[in-house]
Amino acid sequence: MVVAGVLLLGGCGGGSDEQVLTVYAAASLTGTFTELADTFEEQHDGVEVRLSFGGSSDLATQVVEGAPTDVFASADEATMTRLTDEQLVEEPTPFATNRLEIAVPPGNPAGVSTLADLAGADLVVCAPAVPCGAAAVALAETAGVRLDPVSEEQSVTDVLGKVASGEAEAGLVYETDVLAADGDVEGVAVPEAASVVNRYPIAVVAGSEEPGLAEELVALVTGTEGRRVLTAAGFGPP
Amino acid sequence: MRVRATHARPGSTAPAGVPRWLFVPAGLAAALVVVPLVALVVRVDWAAFPRLVTSEASLDALLLSLRTSATSTALCLAGGVPLAVVLARSRARGLGALRALLLLPLVLPPVVGGIALLYTFGRRGLLGEHLDVLGVQVGFTTTAVVLAQTFVALPFLVVSLEGALRTAGDRYETVAATLGARPGTVLRRVTLPLVLPGLVSGTVLSFARALGEFGATITFAGSLQGVTRTLPVEIYLQRETDPDAAVALSLVLVVVAVAVIGVAGHRAAVR
């Protein structure tokens, strides 16, 4: 039985002399990195890019635990530092910036127009341990408001889901998430967010089996094509 | 492959025994369960353990988990016992289909349950919409956690109890009824005492399931310390930032689960 299971598992991955490049990227990069990965595959015959999106800290933990990854892109520098400190990644390059915005369900039922209004609404944020949550805490400190959320979620996409479903009356997410939600949520700009900017770094993972290809992918993301795609999605320059 | 030793000798009353080759797959299956538990214990940072499990966040999560699991188990009993009796004894039409539906949470991924609950009790849900008008909000409250736990745990109680009821049969109940006992008396004095072991194991299973509930909670209830962040959700959050704390809390959950199963086993043995 066990032998059969191993054979079955083995069979799944087989049938290719194709090169596979695995990329771990922050949840907020889902749209842009999917597009850039397609471009990369078009430019490199016989290369398959596998993308895994999630909360940055979650992905970083997986890299620490030895997940077979070639490239890692984080939503903040603190998370990347966890990996550079342990020499698990090569020198990271910042490639984009993002800032927080208030997301509200269509129609803005709680009438939120400023950070101060969040006090009267069912607010959902990221947990302080994940980048978008750390940014929310920093934003609240900068603006001198106290956030009193009804829930602290695992990743920015979880926050977005709670707002889009109307369950929460407001959430703190990245500007790019509001754009990508395409009408499922409305954005309320926060002037104070200009001073709390998240810088996204990307790095080749030290244990990569395809370091050359990984370098090329990083070059694509940090180059003009990457800049174009990221700008179109609302990301700022690094 | 035959093993001679398993053939019972003539005139002997020895049990048929177990074919020896069976021990190999049996051992592998047991190892699949036991080895990860050992790995978890090995990974615990014992020096930091007391500090990790007594942090405010950990204690809040543990207490919330115990409190909500106890509440949802009580709800499971209040609703599940009548449901099991009806399913096992009533001859009403359509019960077969109802039973199949009620067992769904057993096989559904909990996250699907969470989404279903969201569209029922959520602010824009089937019932939540009306509750919202009345000023009652379920989402992001401890009530939401209890609802999610009850949703996933209820079938465990119903299945155990209904099985026990069917196995026990209705002979004694018929006799009691013939002797003039009314249905209520029969249920209280004959049926329930007869299936007590099934009721106990069903209750324990429900409690354990409620304690481990994660998917529906995180989808439907949210995650806030002391309000909706139960121990499994806390473990999931800590796993990203403080793996040592996640391992320590996992061990706590294992110990609680072992204790619960131990208590149930002990009570069953006493009987």
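Rules behind the numbers
- Residues numbered from 1 in each chain as written.
- Chains lettered and ligands numbered in written order.
- Predicted model: local features only at pLDDT ≥ 70, side-chain atom pairs only at ≥ 80, totals over all residues.
- Helix = DSSP H or I, 4+ residues; strand = E, 2+ residues; numbered from the N terminus.
- Buried ≥ 20, exposed ≤ 12 C-beta atoms within 10 Å, placed from the backbone.
- Contact = placed C-beta atoms within 7 Å.
- Rg over C-alpha atoms; globule rule 2.2 N^0.38 Å.
- Core = buried A, V, L, I, M, F, W, Y, C linked by C-beta atoms within 7 Å.
- Domains from an automatic or database assignment.
- Axes fitted to C-alpha atoms, helices over the stretch in contact; angles between N-to-C directions.
- Left-handed = near helix turned anticlockwise from the far one by under 90°.
- Nonpolar A, V, L, I, M, F, W, Y, C, P; charged D, E, K, R; others polar.
- Pairing = 2+ DSSP bridges.
- Parallel < 35°, antiparallel > 145°, perpendicular 65-115°, else oblique.
- pLDDT = per-residue confidence, 0-100.

J.: I'd like a description of the overall build of chain B, backed by residues and values.
T.: When helices and strands are counted, chain B shows 14 helices and zero strands. Starting at the N terminus and ending at the C terminus, chain B contains elements arranged as α-α-α-α-α-α-α-α-α-α-α-α-α-α. With the C-alpha coordinates aligned to their principal axes, the bounding extent of chain B is approximately 65 × 55 × 35 Å. The buried share of chain B, reckoned over its 271 residues, is 35%. Across chain B, the fraction of contacts at a sequence separation of at least 24, relative to all contacts at a separation of at least 6, is 74%.

J.: Explain the overall build of chain A to me, and be specific about the residues and the numbers.
T.: Looking only at helices and strands, chain A has nine helices and nine strands in total. On C-alpha atoms alone, chain A measures out to a radius of gyration of 19 Å, which is about the 18 Å that the 2.2 N^0.38 rule sets for 238 residues. Taking the principal axes of its C-alpha atoms as reference, chain A extends roughly 55 × 45 × 35 Å. Evaluated residue by residue, chain A yields a buried proportion of 49% over its 238 residues.

J.: Account for the nonpolar core, with residues named and values stated.
T.: Counting residues in each nonpolar core, the largest one holds 113 residues, and the members touching the most others are A:Val71, A:Phe72, A:Ala170, A:Val173 and B:Ala148. The element contributing the most residues to this core is helix H8 (residues 142-168) of chain B, with 16 residues. When we break this core down by domain, the ones giving at least three residues each are domain 1 (19-96 + 199-232) and domain 2 (98-197) of chain A. Each residue touching A:Ala170, except ones within four places of it in the same chain, is listed here: A:Ile102, A:Ala103, A:Val104, A:Ala110, A:Val112, A:Leu118, A:Ala121, A:Leu123 and A:Val163. Counting ten residues, the second-largest nonpolar core is a separate cluster that includes B:Leu52, B:Leu231, B:Ala245 and B:Ala246.

J.: Tell me about the packing of helix H3 (residues 56-89) of chain B against H8(B), residues and numbers included.
T.: Pairs of packed helices are described in terms of their axes, by the angle between the two and the distance that separates them. Residue and element names in this part refer to chain B. The interhelical angle for the contact between H3 and H8, taken along N-to-C directions, is 40°, at an axis separation of 6 Å. Here the hand of the crossing between H3 and H8 comes out right-handed. Considering only residue class, the contact of H3 with H8 consists of 17 nonpolar, ten polar and three charged.

J.: Tell me about the interface of chain B and chain A, and please be specific about residues and values.
T.: Each partner contributes residues to the interface: chain B has 17 residues there, and chain A has 19 residues. Counting only elements with at least two residues in the side of chain B that touches chain A, the list comes to helix H1 (23-43) and helix H13 (231-241) of chain B. The greatest single-element share of the side of chain B that touches chain A, amounting to four residues, is contributed by H13(B). The residue makeup of the side of chain B that touches chain A, split by class, is seven nonpolar, six polar and four charged.

J.: So, the pairing of strand S7 (residues 170-174) of chain A: which residues are in play, and what are the values?
T.: All names here are of chain A. Most of S7 is tucked away: five of the five residues are buried. Across four bridges, the pairing between strand S4 (residues 93-104) and S7 is antiparallel. Note that in S7 the partner of Ala-103 across the bridge is Gly-171. Where strand S5 (residues 123-126) lies against S7, two bridges are found, and the strand directions are parallel. Following the sheet pairing, Val-124 is matched in S7 by Gly-171.

J.: Give a detailed account of the packing of helix H2 (residues 30-43) of chain A against helix H8 (residues 211-222) of chain A, specifying residues and quantitative values.
T.: Residue and element names in this part refer to chain A. Viewed as axis vectors pointing N to C, H2 and H8 meet at an angle of 125°, and their least axial separation amounts to 11 Å. The orientation of H2 with respect to H8, classified from their angle, is oblique. H2 and H8 meet at a crossing whose hand is right-handed. Note on element contacts: H8 touches H2 through Leu-217, Leu-220 and Val-221, opposite Leu-36, Thr-39 and Phe-40. Here the contact of H2 with H8 is composed, by residue class, of five nonpolar, one polar and no charged.

J.: Tell me about the confidence of the model for chain B, and please be specific about residues and values.
T.: Residue and element names in this part refer to chain B. Across chain B, the average pLDDT comes to 87, with 92% of residues at 70 or higher. This model gives residues 1-8 a pLDDT under 50, and the stretch forms nine contacts once residues within four places in sequence are excluded. For this predicted complex, the interface confidence score (ipTM) comes to 0.72, while the overall pTM stands at 0.80.

J.: Mind laying out the domain arrangement of chain A, listing which residues take part and the relevant values?
T.: All names here are of chain A. One can read the domain layout of chain A as domain 1 (19-96 + 199-232) and domain 2 (98-197). Using only C-alpha atoms to locate each centre, domain 1 and domain 2 end up separated by 26 Å. Facing 14 residues of domain 1, the contacting portion of domain 2 comprises 15 residues. Listed by contribution, the elements that provide at least two residues to the side of domain 1 that touches domain 2 are helix H3 (56-64), helix H4 (77-85) and strand S9 (197-204). Here the residues of the side of domain 1 that touches domain 2 sort into five nonpolar, seven polar and two charged.

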